[in-house]
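Listed below, chain by chain, are the residues.
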Amino acid sequence: MKKGKVFSLGMQHVLAMYAGAVIVPLIVGGALKLSPEQLAYLVAIDLLTCGLATLLQVWQNRFFGVGLPVVLGCTFTAVGPMIAIGSQYGMSAIYGAIIAAGLFVVIFAGAFGKILKLFPPIVTGSVVTIIGITLIPVAIKDMAGGAGSANFGSPQNLILSFGVLGFILLLYRFSKGFIRSVSILIGLVGGTVASSFMGLVDFTPVLQASWLHMPKPFYFGVPTFEIGAIITMILVAIVSLIESTGVFMALGKICNRNLTPKDLTKGYRGEGLAIILGGIFNAFPYTTYSQNVGLVQLSGVKTKQVIYVAGGMLVFLGLIPKVAALTTLIPTPVMGGAMVAMFGMVFASGIKMLSEVNLAKQENLLIIACSVGMGLGVTVEPELFSKLPESVQILTENGIVAGSIMAILLNLLFNAKTKQVVVSQIQKNQKQAV
């Protein structure tokens, strides 16, 4: 294959995942009130680590790497948990939890098929639904200008946020293919341009950013390890691995390769190493991006050479702070408008997972009702269990953990005798990814 074609196909893969790669650090960094300099670093190091994580997974060897043309990026499932952990324990606890979750995945990669049985669609669907619900209030506050802002709820902020949301919806309705896949990114660019004409964009961070920097491990400080935060991030990692399993199976079919349990184990281990890498460089937990599977199918190019180029491009972009600083110019209301669509899709993804469940069975409805209700309830009223011993509060102080534990226990109570076959879930995920 000609070098020019390989380069263009690699660039296409980068563009397909770029929106997700930069939006996650912008949301998390904005919610945790990072400075412009810290936010620019977070975006840059995320791009770089996305590239390294991708190269780790594509490079198949005896110990890790699925060896398929996959692209890794920060998982959107981690947004809500990271914001909750950072708000409660600080940035250092986020990265301690990510490193611990990565170690968990690496250590238990071989046994993950057994762990999957505890996470049938009714559990994963409930968990993702809880995460989506808890994220929506963050988006609504940003639409109004951000919590604590002087002009909270001003007509100007509402016009911008609803204008961006409307623009994204129109793009998604009337466009196809690549334009449709990056509609959120286009909406953010359009909203930022409109904001600049209104005098709401400050270009100082871009002018002050350097042209080159080197990644710095533990940029936000030495990681700390909080049990509640670690449990939360392990749950996020397990949900991400379930999604990745579907992507692996789909790509295996596209590439005419029958994946063995050993291949899947190496894929899980590669993802675990990517998560550890994200924790060390203070980036994010990583997962296999399903949107890039569509590109492999559409282009018909199945060679790993293209993905090596895409990974190299991401590493290169991550070394240039000015590129990262450009993304930090997005005003809060503009981001809020886009976040409604994105977070709503997380919630909708949870509902989609739950559609695989037999909802005619009353017990399943009860599992969903209690787990989602508990997750939302603890999020709204975090003091519910404040009088219990601290050892118990570890499992109850976070709505996502509380709701997830409720879903797992109730599923075991009501469905333990019903053999949940994980393969059927993988096959459904495979069809969806293709």
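A quick note: this is a predicted structure, and the numbers were derived from the prediction, not measured.

Basis of the calculations
Residues numbered from 1 in each chain as written. Predicted model: local features only at pLDDT ≥ 70, side-chain atom pairs only at ≥ 80, totals over all residues. Heavy atoms only, no water. Helix = DSSP H or I, 4+ residues; strand = E, 2+ residues; numbered from the N terminus. Buried < 20%, exposed > 50% of the residue type's maximum accessible area, 1.4 Å probe, protein only. Contact = heavy atoms within 4.5 Å. Areas by Shrake-Rupley, 256 points an atom, 1.4 Å probe, with all protein chains shown as cover. Phe/Tyr/Trp six-rings, centres within 6.5 Å; stacked < 30°, edge-to-face > 60°. Axes fitted to C-alpha atoms, helices over the stretch in contact; angles between N-to-C directions. Parallel < 35°, antiparallel > 145°, perpendicular 65-115°, else oblique. Left-handed = near helix turned anticlockwise from the far one by under 90°. Nonpolar A, V, L, I, M, F, W, Y, C, P; charged D, E, K, R; others polar. Disulfide = S-S within 2.5 Å. pLDDT = per-residue confidence, 0-100. Core = buried A, V, L, I, M, F, W, Y, C linked by side-chain atoms within 4.5 Å. Patch = residues over 30% accessible without salt bridge, like charges linked within 9 Å, V, L, I, M, F, W, Y side chains within 5 Å. Salt bridge = Lys/Arg side-chain N within 4 Å of Asp/Glu carboxyl O.

Peer 1: Even after reading the chapter, I still don't get the overall build of the protein chain, so can you show me in this structure?
Peer 2: Along the backbone of the protein chain there are 20 helices and two strands. Relative to its 434 residues, the protein chain shows a buried fraction of 55%. Expressed as a percentage of contacts within the protein chain between residues at least 6 apart in sequence, the contacts between residues at least 24 apart total 83%. Of the accessible surface of the protein chain, which amounts to about 18,800 Å², a share of 68% is contributed by carbon and sulfur atoms.

Peer 1: Would you mind showing me how to read the side chain of N364 here?
Peer 2: Positionally, N364 belongs in helix α17 (residues 362-380). Judged by its relative accessible area of 6%, N364 is buried. When neighbours within four sequence positions are excluded, N364 is seen to be in contact with I122, V357, N358 and N415.

Peer 1: Whenever I open this one, the packing of aromatic side chains confuses me. Can you help?
Peer 2: The way to describe two aromatic rings as a pair is by their centre distance and the angle between their planes. Scanning all chains against the criterion turns up six aromatic pairs. Both rings, one in Y41 and one in Y219, keep their centres 3.8 Å apart while their planes meet at 15°; by these two values the pair is stacked. With Y41 in helix α2 (residues 36-58) and Y219 in the loop between α10 (204-208) and α11 (227-254), the pair connects residues that are 178 residues apart, well separated along the chain. Joined through ring pairs, the aromatic side chains of Y41, Y95, Y219 and F220 make up one cluster.

Peer 1: What exactly am I supposed to notice about the packing of α2 against helix α12 (residues 261-280) here?
Peer 2: Two packed helices can be described by the angle between their axes and the distance between those axes. Following both chains from N to C, one finds α2 and α12 inclined at 160°, their axes separated by 9 Å at the closest point. With respect to α12, the axis of α2 lies roughly antiparallel. Crossing handedness for the pair α2 and α12: right-handed. The residues of α12 that touch α2, namely those facing T49, L52, A53, L56 and Q57, are K266, G267, G270, E271, L273, A274, L277 and G278. Of the residues contributing to the contact of α2 with α12, the split by class is six nonpolar, five polar and two charged.

Peer 1: So what exactly am I meant to see when it comes to the state of the cysteines here?
Peer 2: Two cysteines whose sulfur atoms are joined by a covalent bond form what is called a disulfide. All told, the structure shown has zero disulfides when counted by the stated rule. C50 takes part in no disulfide bond, and the closest cysteine sulfur to it belongs to C74, at a distance of 5.0 Å. Of the residues examined, C50 reaches a relative accessible area of 0% and is grouped as buried. Judged by relative accessible area, C74 falls into the buried class, the value being 1%.

Peer 1: Just to check I follow, could you spell out unusual backbone geometry for this structure?
Peer 2: A negative phi holds for most residues other than glycine; trans holds for most peptide bonds. At K33, a residue that is not glycine, the phi angle is positive and equals roughly 60°. With respect to the secondary-structure elements, K33 resides in the loop between α1 (3-31) and α2. With relative accessibility at 59%, the residue K33 sits in the exposed group. Despite not being glycine, N282 has its phi angle at roughly 60°, a positive value. With respect to the secondary-structure elements, N282 resides in the loop between α12 and β2 (286-288). The class of N282 is buried, set by a relative accessible area of 0%.

Peer 1: Looking at this structure, I do not really get the environment of L365. What am I missing?
Peer 2: Inspection of the secondary structure assignment puts L365 in helix α17. For L365 and I122, which are 243 residues apart along the polypeptide, the C-alpha to C-alpha distance reads 9.4 Å.

Peer 1: Please explain the confidence of the model for the protein chain as it appears in this structure.
Peer 2: The predicted coordinates should not be examined in detail at positions where pLDDT is low. Overall, the predicted model of the protein chain reaches an average pLDDT of 80, with 85% of residues at or above 70. Highest mean pLDDT in the protein chain belongs to helix α4 (residues 91-107) (93); lowest belongs to helix α20 (residues 422-433) (50).

Peer 1: How should the nonpolar core be read in this particular structure?
Peer 2: Burial of nonpolar side chains together is a common tendency in soluble globular proteins. Ranked by size, the top nonpolar core spans 110 residues in total, and within it I27, F284 and Y286 carry the most contacts. Looking at which element gives the most residues to this core, the answer is α11, with 15 residues. Here I27 is in contact with F76, V79, I83, M335, M339, M342 and F343, once residues within four sequence places are set aside. Counting five residues, the second largest nonpolar core, distinct from the first, contains A40, V201, V206 and L329.

Peer 1: Looking at this structure, how should I read a nonpolar patch on the surface?
Peer 2: On the surface, V189, V193, F197, M198 and L200 cluster together into a nonpolar patch covering about 480 Å² of accessible area. For V189, the location among the structural elements is in helix α9 (residues 183-197). Its relative accessible area of 49% is what places V189 among the partly exposed residues.

Peer 1: It is not clear to me how the pattern of salt bridges should be interpreted in this structure. Could you clarify?
Peer 2: Pairing is possible between side chains that carry opposite charge, provided their charged atoms lie close to one another. Scanning all chains against the criterion turns up one salt bridge. Note that R257 and D263 form a salt bridge whose closest N and O atoms lie 3.4 Å from each other. Taking relative accessible area as the criterion, R257 reaches 22% and is therefore assigned partly exposed. With relative accessibility at 11%, the residue D263 sits in the buried group.

Peer 1: Can you walk me through the packing of α9 against helix α16 (residues 332-354) in this structure?
Peer 2: One way to put it is that α9 packs onto α16 with a least axis distance of 9 Å and a crossing angle of 160°. Comparing the axis directions of α9 and α16 gives the class roughly antiparallel. Crossing of α9 against α16: the hand is right-handed. When α9 is examined against α16, the residues I184, L188, G191, T192 and S195 are found in contact with a partner set consisting of V334, M335, A338 and M342.

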